[in-house]
Amino acid sequence: MLKLPRAVVVMEPSNTYLFDVKWSPARPLVFAVADAAGFIHIYDLGVDRVAPVVSFQASSSNSNSKSASVNNPQDKKEN
């Protein structure tokens, strides 16, 4: 009998559509999710494997463009 792969972790950050997911380029266990309600949910799998470590409203729900970006401020190069 063929065994189907199963999800390791299932996350449901929002009841609305999800528009974007970005992994941190500096921290491999951190990613952000942007939802249709204008919220950004930041996950750190090293802290909690199911719930976001922080969620905040980034824009109004009328906006058609959502984007999430996770960057480490220590990685910014000074000019």
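What you see is a predicted model; the values in this text were computed from it and never measured.

Turning next to the pattern of salt bridges. Counted under the stated rule, the structure contains one salt bridge. The salt bridge partner of Asp44 is Arg27, with a shortest N-O separation of 3.0 Å. One end of the pair, Asp44, is in strand β3 (residues 39-44); the other, Arg27, is in the loop between β1 (18-23) and β2 (30-35), with 17 residues separating them in the sequence.

The next thing to look at is the nonpolar core. Val30, Ala32, Ala34, Ile40 and Ile42 form the largest nonpolar core, which has five residues in total. Counting only elements with at least two residues in this core, the list comes to β2 and β3. For this core, the element with the highest residue contribution is β2, accounting for three residues.

This part is about the pairing of β1. Where β1 and β2 come together, five bridges link them in antiparallel fashion. When the bridges of β2 are listed, Lys22 appears paired with Ala32.

What follows concerns the environment of Pro13. Turning to its location among the elements, Pro13 is positioned in the segment before β1. Its relative accessible area of 19% is what places Pro13 among the buried residues. Considering only alpha carbons, one finds Pro13 and Val33, 20 residues apart in sequence, at a separation of 7.7 Å. When residues no more than four places from it in sequence are discounted, the contact partners of Pro13 are Leu18, Val33, His41 and Tyr43.

Here we come to the environment of Gly38. Mapped onto the elements, Gly38 comes out in the loop between β2 and β3. For the pair Gly38 and Phe19, spaced 19 residues apart in sequence, the C-alpha separation works out to 9.6 Å.

One pair of aromatic rings is described through two measures. These are the centre distance and the angle between the planes. Inspection of every chain in the model, using the stated rule, returns two aromatic pairs. A centroid spacing of 4.7 Å and a plane angle of 50° characterise the contact between Trp23 and Phe31, whose relative ring orientation is tilted. Between Phe31 and Tyr43, the ring centres sit 4.9 Å apart and the planes meet at 10°, which makes this aromatic pair stacked. Of this pair, Phe31 sits in strand β2 while Tyr43 sits in strand β3, placing them twelve residues apart in sequence. Given a relative accessible area of 7%, Phe31 falls into the buried group.

Conventions and cut-offs
- Residues numbered from 1 in each chain as written.
- Predicted model: local features only at pLDDT ≥ 70, side-chain atom pairs only at ≥ 80, totals over all residues.
- Heavy atoms only, no water.
- Salt bridge = Lys/Arg side-chain N within 4 Å of Asp/Glu carboxyl O.
- Helix = DSSP H or I, 4+ residues; strand = E, 2+ residues; numbered from the N terminus.
- Core = buried A, V, L, I, M, F, W, Y, C linked by side-chain atoms within 4.5 Å.
- Buried < 20%, exposed > 50% of the residue type's maximum accessible area, 1.4 Å probe, protein only.
- Pairing = 2+ DSSP bridges.
- Contact = heavy atoms within 4.5 Å.
- Phe/Tyr/Trp six-rings, centres within 6.5 Å; stacked < 30°, edge-to-face > 60°.

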